[in-house]
Amino acid sequence: MSEKTLELCKDILICDKWEFSKNPIDTEYSDNLQWKCVDIPHDWMIYETRNLYETSTGWYRRKLDWHKEDGIRTAIRFEGVYMDSRVYVNGSLAGEWKYGYSTFEFDITELLNEGENEISVRVDYRSPNSRWYSGAGIYRRVWLRTYPDCHIASDGIYISTDICGDVTVTAEVMRPADVPVSELAVKHTVYDGDTAVCSSQYPCCAYDRSQIPEAIRADGFNYSVNTVTMNVSSPVLWDIDAPHMYTVVTELIRNGETQQRVATKFGIRKAEFTCDKGFFLNDRHVKLHGCCEHHDLGSLGAAVNKAAIVRKLKKLREMGINSIRTSH
């Protein structure tokens, strides 16, 4: 069962085969709208360079083939949609999101039909709303996610470190109300490259905290939080010119069998701000040469283009920039 379940834990990009229709604000969905094929990420605002803040509604739609698997749930994840968005599955509302700069995800298992389905997304852009160019549309990637009923919550891994190598990992675990918490355990393993350097299991950890506590009930699921601290001996510290990264692999185990694995990268470093001497990294004074970055790519618009972002960061580094404000 565990190997089959792990095979079904997938994050699949669904950025192709979308159709798009731009319309006056508050236009409702209809097959009679004017549709054109687009790929995601997409920014409809950049096409009208003389009207970069036009109030309008955009509709996206895509066909999706789906087959039910017992014990497996399906979610759709949007890395960024500007601005007010509503997601529908076969005409039923899966959820809505009112903030244009954060990732969101909806469990759509109960809305899917065996075979062909239609995902549709309404995006409303109302001006004014920003003091900078924001773009409009599904401007970042879209994912279809599958995972078991008992699973690690999306974005549910939290990591904190100190300069001595102590790594504290917190995992949020979700399970159906009829699954006893005693069936579940969580294991964390820290890797330096391909080498395991410590684990949440004794003796790597001073105590065994693999069992998860009782839960908070909400939305038909029970939420539990598992927290454990491990130690990386003689850690290699993250620094500006040597950004060394570790990886923690979190495993959700049910009745001795691994159900899900989640890998999370992190660095170990000490950062300190003082009111009289400024910023210190790993106890070394560093003069910050920073800039403020918004999420657009200039004349390319807001649709995320990895190559363009890499080029921009390299240019900033050549200019001497060593810190970036990434709030947007």
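Note that this is a predicted model, so its numbers are computed, not measured.

A description of the nonpolar core should follow, citing residues and the corresponding values.
Residues Y60, I76, F78, I119 and V121 are the most contacted members of the largest nonpolar core, which totals 35 residues. Looking at this core, the elements with two or more residues in it are strand 2 (18-23), strand 4 (56-66), strand 5 (72-78), strand 6 (84-89), strand 8 (104-107), strand 9 (115-125) and strand 10 (142-148). Ranked by residues supplied to this core, first place goes to strand 9 with four residues. Grouped together as the second largest cluster of nonpolar side chains are 19 residues, V190, Y246, F266 and I268 included.

How would you summarise a nonpolar patch on the surface if you had to cite specific residues and measurements?
On the surface, I309, L313 and I324 cluster together to form a nonpolar patch covering roughly 210 Å² of accessible area. Tracing the backbone shows I309 in helix 2 (residues 306-318).

Could you give me a rundown of the sheet that holds strand 14 (residues 195-199), with the residues and numbers involved?
Sheet strands line up and pair through hydrogen bonds in the backbone, either parallel or antiparallel. Ordered by their spatial adjacency, four strands build an open sheet running 14-13-17-18, and the pairing between neighbours is antiparallel. Pairing within the sheet leaves two strands with one partner each, and these edge strands are strand 14 and strand 18 (257-266). Each adjacent strand pair in this sheet contributes to an overall mean axis angle of 30 degrees, direction not counted.

Help me get a handle on a negative patch on the surface, residues and values and all.
A surface patch of like charges, here negative, comprises D65, E69, D70, E114 and E116. Among the secondary structure elements, D65 is positioned in strand 4. Overall, the relative accessible area of 53% leaves D65 in the exposed class.

Outline the environment of M45, listing residues and values.
Among the structural elements, M45 can be located in the loop between strand 3 (36-38) and strand 4. In this structure, the C-alpha to C-alpha distance between M45 and D107, residues 62 residues apart in sequence, is 29 Å. Setting aside its immediate chain neighbours within four residues, M45 contacts N51, L52, Y53, E54, Y125, Y133, G135 and A136.

Could you give me a rundown of the environment of N90, with the residues and numbers involved?
Structurally, the position occupied by N90 is in the loop between strand 6 and strand 7 (92-97). On a C-alpha basis, the gap between N90 and N117 in space is 6.1 Å, while along the polypeptide they are 27 residues apart. Here N90 is in contact with L111, L112, N113, N117 and E118, once residues within four sequence places are set aside. In this structure the side chain of N90 is engaged in a polar contact, spanning 2.8 Å, whose partner is the side chain of N117.

Explain the side chain of N23 to me, and be specific about the residues and the numbers.
Tracing the backbone shows N23 in strand 2. The exposure class assigned to N23 is buried, which follows from its relative accessible area of 11%. Polar contacts involving the side chain of N23 include one to the main-chain carbonyl oxygen of S21, which spans 3.1 Å. What N23 contacts, discounting residues up to four positions off in sequence, is L33, S56, T57 and W59.

Summarise the sheet that holds strand 4; cite the residues concerned and give the values.
In spatial order, the strands read 3-2-4-9-6-7; together these six strands make up an open sheet with antiparallel pairing. Each end of this open sheet is capped by a strand with a single partner; those strands are strand 3 and strand 7. Geometrically, the sheet is characterised by an average inter-axis angle of 25 degrees between neighbouring strands, direction not taken into account. Where strand 6 lies against strand 9, six bridges are found, and the strand directions are antiparallel. Counterpart to D84 in the pairing with strand 9 is D124.

Describe unusual backbone geometry, naming the residues involved and giving the relevant values.
Residue P41 is reached from I40 by a cis peptide bond, and omega for that bond is 5 degrees. Relative to the elements of secondary structure, P41 occurs in the loop between strand 3 and strand 4. The omega torsion of the bond from S127 to P128 falls at 0 degrees, within 30 degrees of zero and hence cis. Note on placement: P128 falls in the loop between strand 9 and strand 10. Here the phi dihedral of D155 falls at roughly 55 degrees; this positive angle occurs in a residue that is not glycine. Looking at the secondary structure, you find D155 in strand 11 (residues 151-161). Phi angles above zero are rare outside glycine, and N255 is one such case at about 50 degrees.

Parameters at a glance
- Residues numbered from 1 in each chain as written.
- Predicted model: local features only at pLDDT ≥ 70, side-chain atom pairs only at ≥ 80, totals over all residues.
- Heavy atoms only, no water.
- Core = buried A, V, L, I, M, F, W, Y, C linked by side-chain atoms within 4.5 Å.
- Buried < 20%, exposed > 50% of the residue type's maximum accessible area, 1.4 Å probe, protein only.
- Helix = DSSP H or I, 4+ residues; strand = E, 2+ residues; numbered from the N terminus.
- Patch = residues over 30% accessible without salt bridge, like charges linked within 9 Å, V, L, I, M, F, W, Y side chains within 5 Å.
- Areas by Shrake-Rupley, 256 points an atom, 1.4 Å probe, with all protein chains shown as cover.
- Salt bridge = Lys/Arg side-chain N within 4 Å of Asp/Glu carboxyl O.
- Pairing = 2+ DSSP bridges.
- Axes fitted to C-alpha atoms, helices over the stretch in contact; angles between N-to-C directions.
- Lys, Arg positive; Asp, Glu negative; His and termini not counted.
- Charge placed at Lys NZ, Arg CZ, Asp CG, Glu CD.
- Contact = heavy atoms within 4.5 Å.
- Polar contact = N/O pair within 3.5 Å; in protein donor to acceptor, adjacent residues only side chain to side chain.

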